[in-house]
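# Geometric and topological summary
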Amino acid sequence: MSQNETPESVQNEQKLEQFSYDDKSVKLFIHATLIWGVVALLLGVTIAFQLASWKFNFELPWLTFGRLRPLHTNAAIFAFVGNAIFAGVYYSIQRLLKTRLYSDILTKIHFWGWQLIIVLAAVTLPLGITTSKEYAELEWPIDILVAVIWVIFGINFFMTLKRRRERHIYVAIWFYIATIITVAVLYVVNNLEIPVSLMKSYSVYAGVQDALVQWWYGHNAVAFFLTTPFLGLMYYFVPKAVNRPVYSYRLSIIHFWSLIFVYIWAGPHHLLYTSLPEWVQTLGMAFSVALWAPSWGGMINGLLTLRGAWDRVRREPILKFLATGVTFYGMATFEGPLLSIKSVNGLAHYTDWIVGHVHSGTIGWNYMMVAGILYYMVPKIWKTELFSTKLANFQFWTATIGLLMYIVSMWVAGITQGLMWRAVDETGKLVYPNFVETVVKIVPMYWVRAFGGVLILAGFIAMVYNLYKTIQSAKVEEKEDVFATAPLSAQPIDSHGGSHRKLEGLPLVFSVLAFLAILVGSMIELMPSIMSNKFIVKDARVKPYTPLEIVGRDIYVREGCYTCHSQMVRPMVDETLRYGKRSEAAEFVYDRPFQWGSRRIGPDLHRVGGKYSHMWHYRHMLDPRKVTPGSLMPVYTWLFKSKIKYGSIPKKMQVLKALGTPYSEDEINNSIRNAEEQALTIMAELERDGVDSKMRNKEIIALIAYLQRLGTDMGGSDEVTSAE
Amino acid sequence: MSNENKSKNIIMNEEEQSLLLNHDYDGIEEFDYPLPSWWVGTFIGGVVFAAFYILYYSFAGGPSLQDEYNHKMAEVNKVREEQSKLVGKFQPDQYQAWIVNKDADEKALEVYEENCLSCHEEKGKGDIGPNLTDKYWKNLKKADAEEIYQFIIVGNEDAGMPAWGDVLSKEELFAAVKYVISIKNTNVPGKEAEGEVIE
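This is a predicted model, so every value here is computed, not measured. (Residues numbered from 1 in each chain as written. Chains lettered and ligands numbered in written order. Predicted model: local features only at pLDDT ≥ 70, side-chain atom pairs only at ≥ 80, totals over all residues. Heavy atoms only, no water.)

## Some remarks on the pairing of strand S3 (residues 200–203) of chain A
Residue and element names in this part refer to chain A. Rules: The pairing criterion for strands is at least two bridges between them, as found by DSSP. A run of H or I in DSSP becomes a helix once it reaches four residues, and a run of E becomes a strand once it reaches two; helices and strands are each numbered from the N terminus.
Alignment of strand S2 (residues 193–197) against S3, held across 4 bridges, turns out to be antiparallel. When the sheet's bridge partners are listed, Ser197 is paired in S3 with Lys200. Here S2 folds back onto S3, and the loop between the two strands holds 2 residues.

## Structural notes on the pattern of salt bridges
Inclusion rule: Any Lys or Arg side-chain nitrogen found within 4 Å of a carboxyl oxygen on Asp or Glu counts as a salt bridge. In this scheme, a residue with accessible area under 20% of its type's maximum is buried, one over 50% is exposed, and one in between is partly exposed, where area comes from a 1.4 Å probe on protein chains only.
Under the counting rule described, the total for this entry stands at 42 salt bridges over all chains. Between Asp210 of chain A and Lys133 of chain A there is a salt bridge whose closest N-O contact spans 2.6 Å. Of this pair, Asp210 of chain A sits in helix H7 (residues 207–242) while Lys133 of chain A sits in the loop between helix H4 (104–124) and helix H5 (140–162), and the two are 77 residues apart along the sequence. The class for Lys133 of chain A is buried, based on a relative accessible area of 3%. Measuring nitrogen to oxygen at the nearest pair gives 2.7 Å for the salt bridge that ties Arg619 of chain A to Asp127 of chain B.

## Structural notes on the packing of helix H2 (residues 23–52) of chain A against helix H3 (residues 65–97) of chain A
All names here are of chain A. As a reminder, the rule being used: Only C-alpha atoms enter the line fits that serve as axes; for helices the fit covers just the stretch in contact. Angles between N-to-C directions range over 0 to 180 degrees. An angle below 35 degrees is read as roughly parallel, one above 145 as roughly antiparallel, one from 65 to 115 as roughly perpendicular, and any other as oblique. Left-handed describes a crossing in which the near helix is turned anticlockwise from the far one by less than a right angle; the clockwise case is right-handed. Basically, the charged four are Asp, Glu, Lys and Arg, the nonpolar ten are Ala, Val, Leu, Ile, Met, Phe, Trp, Tyr, Cys and Pro, and anything else, Gly included, counts as polar.
Axis separation between H2 and H3 bottoms out at 8 Å; the angle between their running directions is 155°. When the axes of H2 and H3 are compared, the pair comes out roughly antiparallel. Judged by the sense of rotation from one axis to the other, the crossing of H2 with H3 is left-handed. For the contact of H2 with H3, the class distribution of residues is 21 nonpolar, 8 polar and 3 charged.

## Details of the interface of chain B and chain A
Our working definition: When checking whether two residues touch, look at their non-hydrogen atoms; a contact exists if any pair is within 4.5 Å. By buried area we mean how much accessible surface two parts lose on assembly, using a 1.4 Å probe and totalling the loss over both.
With 70 residues of chain B in contact, the opposing surface of chain A contributes 83 residues. Approximately 6700 Å² of surface area, both sides summed, lies buried where chain B meets chain A, with 59% of it carried by carbon and sulfur atoms. On the surface where chain B and chain A come into contact, there are 8 salt bridges. Here Glu16 of chain B makes a salt bridge to Arg307 of chain A, at a shortest N to O gap of 3.3 Å. Put simply, the parts of the chain that give the side of chain B that touches chain A at least two residues each are helix H2 (37–59), helix H3 (65–88) and helix H5 (104–120) of chain B. In terms of residues, the side of chain B that touches chain A owes the most to one element, H2 of chain B, which gives 12 residues. When the residues that make up the side of chain B that touches chain A are grouped by side-chain class, the tally is 32 nonpolar, 21 polar and 17 charged.

## Quick word on the domain arrangement of chain A
Residues and elements named next belong to chain A. For the record, the criterion: The domain limits used here are those given by an automatic or database domain assignment. Here a polar contact is taken to be a pair of N or O atoms separated by no more than 3.5 Å, where protein atoms must pair a possible hydrogen donor with a possible acceptor and residues adjacent in sequence count only if both atoms sit in side chains.
In terms of domains, chain A is made up of domain 1 (18–469) and domain 2 (547–709). On a C-alpha basis, the centroid separation for the pair domain 1 and domain 2 is 33 Å. With 65 residues of domain 1 in contact, the opposing surface of domain 2 contributes 52 residues. Both faces considered, domain 1 and domain 2 share a buried interface measuring about 4900 Å² in area, 64% of it formed by carbon and sulfur atoms. Sorting the residues of domain 1 by area buried against domain 2 places Trp54, Tyr202 and Tyr350 first, and these three jointly supply 17% of that buried surface. One can count 3 salt bridges joining domain 1 with domain 2. The partner of Lys200 in a salt bridge is Asp554, and the shortest N-O contact between them spans 3.4 Å. Taken together, domain 1 and domain 2 are joined by 22 residue pairs in polar contact (both at pLDDT 80 or more). Of all the elements in the fold, those that place two or more residues in the side of domain 1 that touches domain 2 are H3, S2, S3, H7, helix H13 (342–348), helix H14 (352–381), helix H15 (389–422) and helix H16 (435–472). When residues of the side of domain 1 that touches domain 2 are assigned to their parent elements, the largest contribution, 7 residues, is made by H16.

Here is the structure:
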């Protein structure tokens, strides 16, 4: 520990305060990072194989892609990366602020509460208990728990900050502050929902509003959970590991403020060419492009801090991982603005290019940084030597090669499929009218990606083994080291520095300013949609869902259909030819939650209503390959066994009514009978095609009711014309 | 652990020494290198681009995505209308000439398998769609090539039969017609008869 050696502290030697660090909690978070890391990557590999071959869905509801994919993303982001952030933040703030964490009890509640959330997620998501909002799928009781634990983390952090013995706060702390404040705002606003039962709720936002709030959240979850905390960690662990000063203090200031201010605006780039009002799309794209330089500011400061130590980067695993992590950060933050350009996005959106882009961030940046940080922290905190440098190098190469296989295969798959979708020949017809042709074409790339994933997982397991061997070699030591330094009161604010230097001595003011910085963009983009009814022009043709369709829609949500199917026909020639009329904002006003999706592993479904017969859907859900040879879709046999829960309908309608869907009391009172009648109508047609009448109360009937309704209110799917 | 960080950070030269700030956090020091000029250029470029982009598309009447779409759609619709005039009219002599070419049988089967099989099943025995091998027809008044051709083009969307004229080329339509005629009255056991007897 470098003790305070400023003249003041020498003068006040007699007043030195003693303190120790809570490294036990850091150790707990490290263990959790390792365990959940294996789980998250194993889930990733599993779903990668499920896309290579549908057989890996094993015909079990809780193992299908639609339910495991949300578990993979949640486990990777919140369990693996989350625990790593907490370990790194708790380790570094104690040392940067020269104080012990504020409360051992709060730290314990934070740790065990977070692990409880993860376990609850791991149980509920495979059971199909989900809100279907990406990276926010957890249902309302768990949402509340997440918010509470995050606030506890926040209290623990800010009180530690208050009790610091270092006057000025270092750039790493700035990023931690932005993280804690923004994640709290994002999570609470996006998860506002009204419960129907203990494990079911409806979003307070509908359709376009829901989409906008969700992707403001989704994009900024990437920004403030996967990026800003890691920039903070980078600013601590890179200079520590290389033993060199940070490259540029003024670059830190400029890129910090510009990054958090600009990032929050960029969310709508997930919704380009959708029914979102165009001015919001334009803002989203413009700010995404402007985000390039602020992002690269972090990369420059990271890489140039390593300047003059490149020979060591070649030799030392810690530096290897950190340097590679920062490099991939630079790559991903260049690709991001590129993908936000409308025309590029038009090609790439809904394809695997986006999936590859996300993983160059999560694997290239987060995984690599976590590995570097763990290789730094574990030997230090357990006071021992790393078990094997060879194994660490093995991990580095498997992870790097696996990741390159991942990224390149997804580029090829994404661009190939995107070009096939839009190919129109000189007679004005789609060159690949059968969607499945474009899927079959890229399946080889899915195998490459899956094996890349296996390599990444293998490397991680090598690290887990390596670190546990390292920990085993440590001596058991119960006593904490005691340090001493001058109290905060003995350290005046640096009066020679500029105004930002003064601000660094005032963490509360700093935090308020950071909050304002993220508030501006959020308010300007979200408020018009939430406050104004004029934002979405209503259309009288659009009617609320029938009781049976509500049940079917909830099944659609439960099965995670949105993980493979979009419901958004974009204003593009090929989409009109393939799917029908472009989707309009007015069509989604009763959609709680929205189901626009983010990836088309299967075709868009917004205009699927009426396109096929009931029997087609019946056959298709039972065995997709029966009607679409080559399809990757899992079988959904359980929908033909479980019964429709008619009893839940009135409560659902009451909640929807409270949220603004115009159901009358009569409609709610008669909802069960109405649903049964609609089921019988569908059943009558199926019976003509030879289906047994005892299927009439099975979930498949409700799902068919929903699918046949989709996009029909304003559809006119028979005409190929431009909108208006 | 207490002493290792006492060692000063590695400073390479005098220039660096002069840029070192009086900051020390757990042994981490900071230089104050000036911002790289190319980075500043990128930063300003990004902001200026964003400003002009927003001005042009949101305030100065730049074309909206909807405008661009309408424009492209109009072009394609023109092409499609011309095509549908060409394709929509059944020309018996062209059809007769096409079905005698040596690849016709192969092409007929290929088009059927790629497009029709999923509903009408192998050999046309029917499943989701009607049995095509009996003498009953649901949607046709006459079972000749022209009638079949015209029906395949428009389909019957209420019954789940797509309008294949949007998807298939003239030759592919010929192929489908040829296949349907070739299985007519083969009476493959399958889906029960629907519609009326059409000879």
